[in-house]
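Chain by chain, the residues:
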Amino acid sequence: LGFLRINLMQAAYSAPTAARPPHIRPTHIRPLALWRWLAPALLAALALGLWLGAGQLSLAELWQALTGAGSPASAAIVWHIRLPRLLLALGVGAALAMAGSALQSLLRNPLAEPGLLGVSSGAALATVLGLVLGLPAATWLGALLLPAVA
């Protein structure tokens, strides 16, 4: 009976769209529809990243700092702390997304993650070895080399 049920399910999934039962839908997501939601969410996250932080800035102060008409302190907070941090987070997130997508397509497994190949464990081992062998993490050279070792 199990064999018959598997064949019926395969037939249901491989049937043309017109003959497919209404409870079985294709899982295709249209990219344009996805971008309609993701682009505003990304812009809102970027705006919140510029606005919120340890130093309290009102929306007017943030706008003045971005346009160059604000106080030097608020301009320094926005241009030298928040904006570089925000751009770095955006770049790192994009790089991680591309690496994950490449890993999933290379292994042809949509559930693939770095632990599958031991990438996470290898990075942790290299970091621990760097710390144990005396890589000075507190100096600027150590701060640059420790992520490179991982």
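Look a little higher up for the structure.
Residues numbered from 1 in each chain as written. Predicted model: local features only at pLDDT ≥ 70, side-chain atom pairs only at ≥ 80, totals over all residues. Heavy atoms only, no water.

## Observations concerning the overall build of the chain
Phase 1: A tally of regular secondary structure across the chain gives seven helices and zero strands.
Phase 2: Listed N to C, the secondary structure of the chain is α-α-α-α-α-α-α in terms of helices and strands.
Phase 3: For the chain, buried positions account for 13% of its 150 residues.
Phase 4: For the chain, contacts bridging at least 24 residues in sequence account for 28% of all contacts bridging at least 6. (Helix = DSSP H or I, 4+ residues; strand = E, 2+ residues; numbered from the N terminus. Buried < 20%, exposed > 50% of the residue type's maximum accessible area, 1.4 Å probe, protein only. Contact = heavy atoms within 4.5 Å.)

## Comments concerning the nonpolar core
Phase 1: By size, the foremost hydrophobic cluster in this structure holds seven residues: Leu50, Leu57, Leu62, Ala65, Val78, Leu83 and Leu86.
Phase 2: Among the secondary structure elements, those contributing two or more residues to this core are helix H3 (59–67) and helix H4 (72–107).
Phase 3: Per-element tally for this core: the top contributor is H4, with three residues.
Phase 4: Contacts of Val78, omitting those with residues within four sequence positions, involve Leu50, Leu57, Leu62, Ala65, Leu66, Leu83 and Pro84. (Core = buried A, V, L, I, M, F, W, Y, C linked by side-chain atoms within 4.5 Å.)

## Examining the packing of helix H2 (residues 31–51) against H4
Phase 1: Across the interface, H2 lies against H4 with an axial gap of 9 Å and an inter-helix angle of 150°. Regarding H2 and H4, the two cross each other, and that crossing is right-handed. Judged by residue contacts, Leu42, Leu46, Gly49, Leu50 and Trp51 of H2 engage Val78, Arg82, Leu83, Arg85, Leu86 and Leu90 from H4.
Phase 2: Each residue belonging to the contact of H2 with H4 can be placed in one class, and the counts come to eight nonpolar, one polar and two charged. (Axes fitted to C-alpha atoms, helices over the stretch in contact; angles between N-to-C directions. Left-handed = near helix turned anticlockwise from the far one by under 90°. Nonpolar A, V, L, I, M, F, W, Y, C, P; charged D, E, K, R; others polar.)

Distances and angles like these do not, on their own, reveal function.
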